[in-house]
Amino acid sequence: MSHIETQCIHEGWKPAQGEPRQLPIYQSTTFKYDTSDAMGKLFDLEAEGYFYTRLQNPTNDAVAAKITAMEGGYAGMLTSSGQAANFYAVFNICECGDSFLASSSIYGGTFNLFGTTMKKMGIECIFYDQSMTDEEIEALMKPNTKCMFGETITNPTVGIFDIERFAKLAHKHGMPLIIDNTFATPINCRPIEWGADIVTHSTTKYMDGHATAVGGAIIDSGNFDWMAYADRFPGLTTPDESYHGITYAAKFGKAAYITKATSQLMRDFGSIPSPQNSFYLNLGLESLHVRMERHCSNALAVAKFLKDNEKVAWVHYADLEGDEYHDLAKKYCPKGTCGVVAFGIKGGRQASIEFMDKLQFASIVTHVADAKTCLLHPASHTHRQMTDEQLIEAGVAPDLIRLSVGIENIDDIINDLKQALGQ
Ligand SMILES: *Cc1c(COP(=O)(O)O)cnc(C)c1O
């Protein structure tokens, strides 16, 4: 199963003779054992088995295994949302008193989580600009800086992250690189192949693909050598008294990071997906490769249409010839980036609002990256409280429209945009 198209369909749930062909929904919080001793062995980690769904569930685990295979990772887990995935991914490494680096162009929800909420937990996020030189970023690093974070394709500005370059920089300073690969999906980019150590997802987007279930995933490559920097990562390299005194990196090797995130963070915070939602996610994954192709070809056609349109002020889409991220897009996403196009209408904020209100089937929603064409105007929605000056400072132009191109017929999509532009 070396091809990702086949992995989308066949990885994860592998039925034995007579078992259901489709992934069963193990909608059960608990699992039964015949003797007290048999269950006791699970708690002593002497035997493997399911006992409580907050820790492990066969439906959730099968879907995690599928995404792990697709990303070329070593171990993975699902979470109840992309927010939970990014929080766990960093909190599994950083403790109170630590700091970490994150690109300033990340998704607004992650920006808030890292910059405001984690600060209250005593973890400092140092934001860097992706256009900074290595030296400028190195100048931001502190002795307590433990990892680096970025998005393959930034939401909503659709820039491309130079994964290979930042992986080298992180490794030079003894820290892992975490990549949020939500927009590209492993169909279009596999960050681990470029040196990323840990990959996260909001599976809510293309992976689910039909706007049915909020979810997240964390995939570890198993490549980062925690023991080589044992003093810097005590959570992984010293005994966990709350978990049988186990030292994760010593006992679990390449599975250390995910084992810790499951048996410590998930045990204590409990942000698991429901097995029912994981079933929906699995259905989405089965057609991900087919949908991504159509999302990309439709988005490229839309970007070209907008680029040539006299009413449009500007367009960002990295697959467009001449886009500032075009070279990076060709390197990291040779099959295409994603279905999201950012653009502005001449006339600014008000003209953008009027354009959006005239659209017919392209709908205004707080969502992105599903089968239906949809759009959002950050200045009037997600970033509503900000003035134009504040928006520009945050890198979000007041006229920016985030258009998520769906998989409908391309002529219908363009016709809808045309009539809304009054053409
Ligand atoms: C949506 C999104 C998230 C947050 O995911 P939820 O599933 O909404 O919690 C994180 N990162 C990116 C890039 C996203 O687009």
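Residues numbered from 1 in each chain as written. Predicted model: local features only at pLDDT ≥ 70, side-chain atom pairs only at ≥ 80, totals over all residues. Heavy atoms only, no water.

Draft legend 1. Fine view of the site of the ligand. Not every one of the 16 residues close to the ligand is listed here, only the nearest: G82, D180, S202, T204 and K205. Q83 is positioned with one of its backbone polar atoms (N or O) 2.9 Å from an oxygen atom of the ligand. In this structure, S202 approaches the ligand through a side-chain N or O atom, which is 2.8 Å from an oxygen atom. Relative to its unbound accessible surface of 380 Å², the ligand loses 92% to contact with the protein. If one sorts the elements of the shell around the ligand by residue count, helix α4 (residues 82-91) sits on top with 3 residues. Classifying every residue of the shell around the ligand gives 3 nonpolar, 10 polar and 3 charged. (Near = heavy atom within 4 Å. Polar contact = N/O pair within 3.5 Å; in protein donor to acceptor, adjacent residues only side chain to side chain. Areas by Shrake-Rupley, 256 points an atom, 1.4 Å probe, with all protein chains shown as cover. Helix = DSSP H or I, 4+ residues; strand = E, 2+ residues; numbered from the N terminus. Nonpolar A, V, L, I, M, F, W, Y, C, P; charged D, E, K, R; others polar.)

Draft legend 2. Region of interest: the sheet that holds strand β5 (residues 177-180). The sheet built from 7 strands is open, its strands ordered β1-β7-β6-β5-β4-β2-β3 with mixed pairing. Two strands close off the open sheet at either side, each with one partner strand: β1 (75-79) and β3 (124-128). The average undirected angle you get between the axes of adjacent strands in this sheet is 20°. As paired elements, strand β6 (residues 198-202) and strand β7 (residues 216-220) share 5 bridges and run antiparallel to each other. Bridged to H201 within β7 is A217. Lying on the sheet, helix α5 (residues 108-117) is in contact with β2 (99-103), β3 and β4 (145-151); it crosses β3 at an angle near 130°. Taken strand by strand, helix α7 (residues 163-172) contacts β3, β4 and β5, and its axis lies near 150° from that of β5. (Pairing = 2+ DSSP bridges. Axes fitted to C-alpha atoms, helices over the stretch in contact; angles between N-to-C directions. Contact = heavy atoms within 4.5 Å.)

Draft legend 3. Here's a closer look at the nonpolar core. If you look at the biggest cluster of nonpolar residues, it comprises 56 residues, and the most contacted ones within it are I67, M148, L177 and L288. Here L288 is in contact with C8, M70, T185, I187, Y206 and M207, once residues within four sequence places are set aside. Counting 37 residues, the second largest nonpolar core, distinct from the first, contains F87, A102, C147 and L265. (Core = buried A, V, L, I, M, F, W, Y, C linked by side-chain atoms within 4.5 Å. Buried < 20%, exposed > 50% of the residue type's maximum accessible area, 1.4 Å probe, protein only.)

Draft legend 4. Representation of the sheet that holds strand β12 (residues 400-404). The mixed open sheet is built from 5 strands, whose spatial order is β8-β9-β12-β11-β10. Looking at the sheet topology across the chains shown, the edges are occupied by β8 (312-316) and β10 (363-364). Here helix α15 (residues 348-358) sits on the sheet in contact with β9 (340-345), β10, β11 (374-376) and β12, set at roughly 120° to β9.

Draft legend 5. A look at the pattern of salt bridges. One pass over the structure, following the stated rule, counts 11 salt bridges. One salt bridge connects D34 with K32, and the closest N-O pair in it is separated by 2.8 Å. Given the relative accessible area of 68%, D34 is considered exposed. K32 gets classed as exposed once you look at its relative accessible area, which sits at 69%. (Salt bridge = Lys/Arg side-chain N within 4 Å of Asp/Glu carboxyl O.)

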